[in-house]
Amino acid sequence: MKDRLIPFALALAALLLLAGCNQPPRVLIVTPIPTLVPVTAATPGAVGTAPASAGPAAVPATAPDVAAAFQKGSCGACHVIPGIAGAVGTIGPDLSRMGEVAQATLNDRAYTGKAQDVPGYIREAIVEPDAFVSSGCPGGVCQKGLMPASLAQTLSDAELAALVNYLAGLPGSSGEAKTPQATSLPVAAPVLAEDEFASIKQVFFDRCAGCHGTLRKGATGPALTPEKTRPKGTAALAAIIFNGTPRGMPDWGKQGVLTQAEAETMAKFLQQEPPAPPEMSLAQMKETWQVLIPPEKRPAAPQHRRDWQDFFTVILRDAGQVAVVDGDTYEVVNTVNTGYAVHIARMSATGRYVYVIGRDGRATIIDLWLAVPDKVAEVKTCYDARSIESSKYNGPEGDFSDKYAIVGCYWPPHFVILDGLTLEPFKIVSTRSYTYDTEEYHPEPRVAAIVASHFKPEWIVNVKETGQVWLVNYTDPSAPAIKMLEAERYLHDGGWDATGRYFLVAANQANKVAVIDAQEGKLAALVETPKIPHPGRGANWIDPQFGPVWSTAHLGDASMVAIGTDPQGHPEQAWKVVRDIQLPGAGSLFIKTHPNSPWIWVDHPLNSDAQIQRTVCVIAKADPTRTAKCWEIADYGRAVHFEYNKEGTQVWVSVWGRADQPGKTGEIVVYDDKTLTEVARIPNLVTPTGKFNVYNTMKDIY
Ligand code: DHE
């Protein structure tokens, strides 16, 4: 084991000063620590139990409060440190057995540092954090640069000596690590000048809000409210902002997006009360709008011989990219930079264009007819977004194919209508409104799923918090007619039934599926389901007993249900749960089928069990009473989301790995749908999640 204190972020520094006193690190002594008892903690490693150290004692005249010193260095933000209040960080190694770990590392030939004894080793780790990088971070080998070297300037000699001494004594005399205290220390927000606050606020909304939420309540990224951030302190937060984390936080400093000083200002900003998030005007959107290849300069026919209708656009979430992959050859035709924490892709009515939305509200359009498919326009329409769709209607009321696009935002709470070829935004509609049931004003109702009707020039826009489904007619998109239907709160994701007349959407926190009759423009039913339905777009199939059904699995229940969708042919079963099929576990996000397939495929990526996370199951349409087969598709990561090829003969499943684990960042496994045998793997993709086959997405086949 070559574990080490590493990036034991934020703590200590003073060693440099000690070195300045001609005191080589290895002679720092381990002193008894009776006076170093933290205010809130149990006594740490018992006196005299720390590994022996050579040299004379460097006892500070007045021993500092060790808990205060840890607090000053913000060590607890990144490390678990027994006995230190709030030291429960999981970015760096757990320091519960630091003394033992240090000794073991010193005995290990792999150790390349200069320390001769345990205290020297710990000091080296603090003062020269990258001298020897630990493999003890939660994700494996720690990241160079994460442990801030600035700690050397943060703490006094005495404070550093106290910390080294404390850590060298871990675990305590009982040999067992102490449980960290969960109390929080009173910490005031650091001072931030008004002008600094104003400018960094904008950076937050541009770069960070998509993952941490505009009000910093957390989403993909953790909550960053003051009670969470203040105990971490400026140095720790700045280090994380600058260097990123193994769990997906980008390294804004290393990427050159933020300077060290800006990272520190951001760290201070995050410890203040969250300010009201900004609105975004059309003019602001237009400032970000870029047409890279104008429509008149785009080809009139495909410039390659590939079957572009069988392309898959694969979301590479943590890379902020979309891979365009050939469905016939499995070659990655191009990798396109898109919005940060990119979320989903949808096709234009003709399929030629792919619309992509990132959580940062950046919409991108990719032209699949270019010799190498690439983006031709982009625009930022909000600070936090999840949905995008195109206009798909072509009928008596006009041909709207590829004419418009729509982006649904979480913040500001609005949707934006854009030109379908250039992404020029031209109409913003706020979703601020009244809850459907209590008629109370809601200031921030987020836009969830948006689908385009094939039968009317209409988008179905789902407004989460108010529980309203808006039917938005785009015949005159600058003055869109909107019909507001009352459905259920917390609308999230959903899809069409096989006829395209009914839209079924999960009201996930209400444990219901709302059925919208898009032809009649009304709510057809509310169907009770098990806990937290999460269909993606769901799966349409013919049940041998109950006829046409639509299915969803659940985040909070180990089951997949089938809901009857044929009020004419099977009125008894219409809008009722007719099947409830047991799965190996809860935590399912997506299911999928194809009219040509004998199966319905189900994933479980958010199950707490690592094996179930990477397990997929199939249910036979011929015998939908149980799962026919379940298996693990990889030995790492999570199995997530399915997509069929154009013919409906092969199924692609993502292995959602981790961007920081070489060899395990992710891949796609391709199965023969009939035999369920593996056909191919598309390796070395960075966190592949959703996959969207051009033909199936444009035709809404699922
Ligand atoms: Fe999604 C669809 C919102 C997290 C992958 N996701 C959707 C939709 C919404 C939504 C509203 C429907 C869009 C539509 O049809 O127009 N997703 C959210 C969140 O708010 C949430 C829970 C938290 C967040 O921080 O964003 C979230 N989503 C995730 C993930 O973590 C997933 C698994 C990976 C990722 O990309 O981050 C993920 N969501 C997807 C995918 C779809 C989706 C692949 C489209 C499924 C489809 O087949 O259409």
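Structure first, text after, so check above.
Let me begin by describing the structure that accompanies this report.

Close approach of charged atoms allows side chains with opposite charge to pair. Under the definition given, this model contains 24 salt bridges. Salt-bridge contacts for Asp 367 lead to Arg 352; the nearest nitrogen and oxygen are separated by 2.7 Å. Here the residue Asp 367 occupies a position in strand β7 (residues 362-367), and Arg 352 occupies one in the loop between β5 (342-347) and β6 (353-358), the gap between them amounting to 15 residues. The two residues Asp 367 and Arg 352 agree in class, both being buried. One salt-bridge network, held together by shared partners, links Arg 306, Asp 326 and Glu 331.

What follows is about the state of the cysteines. Inspection of the entire model under this criterion finds two disulfides. Between Cys 382 and Cys 409 runs a disulfide, and the two sulfur atoms are separated by 2.1 Å. Taking the sign of the S-S torsion, about -80° here, the bridge from Cys 382 to Cys 409 comes out left-handed. Of this pair, Cys 382 sits in the loop between β8 (374-380) and β9 (384-390) while Cys 409 sits in strand β12 (residues 404-411), and the two are 27 residues apart along the sequence. With a relative accessible area of 0%, Cys 382 lands in the buried category.

Turning our attention to the site of the ligand. If you check the shell around the ligand, you find 25 residues, and the closest are Thr 220, His 343, Arg 359, Arg 386 and Tyr 410. One of the side-chain N or O atoms of Tyr 410 is found 2.6 Å from an oxygen atom in the ligand. Where the shell around the ligand is concerned, the elements lending two or more residues are β5, β9, β17 (447-452), β21 (491-496) and β37 (688-693). Residue contributions to the shell around the ligand peak at four residues, all from β5.

To continue, consider the packing of aromatic side chains. The description of two aromatic rings rests on the distance between their centres and on the angle between their planes. The tally for this structure, following the rule as stated, stands at 25 aromatic pairs. Their ring planes at 5° and their centres at 3.5 Å tell us that Phe 312 and Trp 652 sit as a pair that is stacked. You can see Phe 312 sitting in strand β2 (residues 311-316) and its partner Trp 652 sitting in strand β34 (residues 650-656), a full 340 residues away along the chain. Here Trp 601 and Trp 631 contribute two aromatic rings whose centre-to-centre distance is 5.6 Å and whose plane-to-plane angle is 70°, an arrangement assigned as edge-to-face. Of the two residues, Trp 601 is situated in strand β30 (residues 599-602) and Trp 631 in strand β32 (residues 627-632); the sequence distance between them amounts to 30 residues. The exposure class assigned to Trp 601 is buried, which follows from its relative accessible area of 0%.

We now examine helix α3 (residues 98-107). Looking at α3, one finds that the buried residues are Met 98, Gly 99, Val 101, Ala 102, Thr 105 and Leu 106. Buried positions in α3, seen along its axis, are confined to an arc of 165° and lie on one side of it. Here the buried face of α3 lies against α4 (118-127) and α6 (157-168).

Looking now at the environment of Gln 143. When you line up the elements, Gln 143 lands in the loop between α4 and α5 (151-154). Once the C-alpha coordinates of Gln 143 and Asp 130 are considered, the two residues, 13 residues apart in sequence, prove to be 8.9 Å apart.

Cut-offs used in this document
Residues numbered from 1 in each chain as written. Predicted model: local features only at pLDDT ≥ 70, side-chain atom pairs only at ≥ 80, totals over all residues. Heavy atoms only, no water. Salt bridge = Lys/Arg side-chain N within 4 Å of Asp/Glu carboxyl O. Helix = DSSP H or I, 4+ residues; strand = E, 2+ residues; numbered from the N terminus. Buried < 20%, exposed > 50% of the residue type's maximum accessible area, 1.4 Å probe, protein only. Disulfide = S-S within 2.5 Å. Near = heavy atom within 4 Å. Polar contact = N/O pair within 3.5 Å; in protein donor to acceptor, adjacent residues only side chain to side chain. Phe/Tyr/Trp six-rings, centres within 6.5 Å; stacked < 30°, edge-to-face > 60°. Arc of directions from axis to C-beta. Contact = heavy atoms within 4.5 Å.

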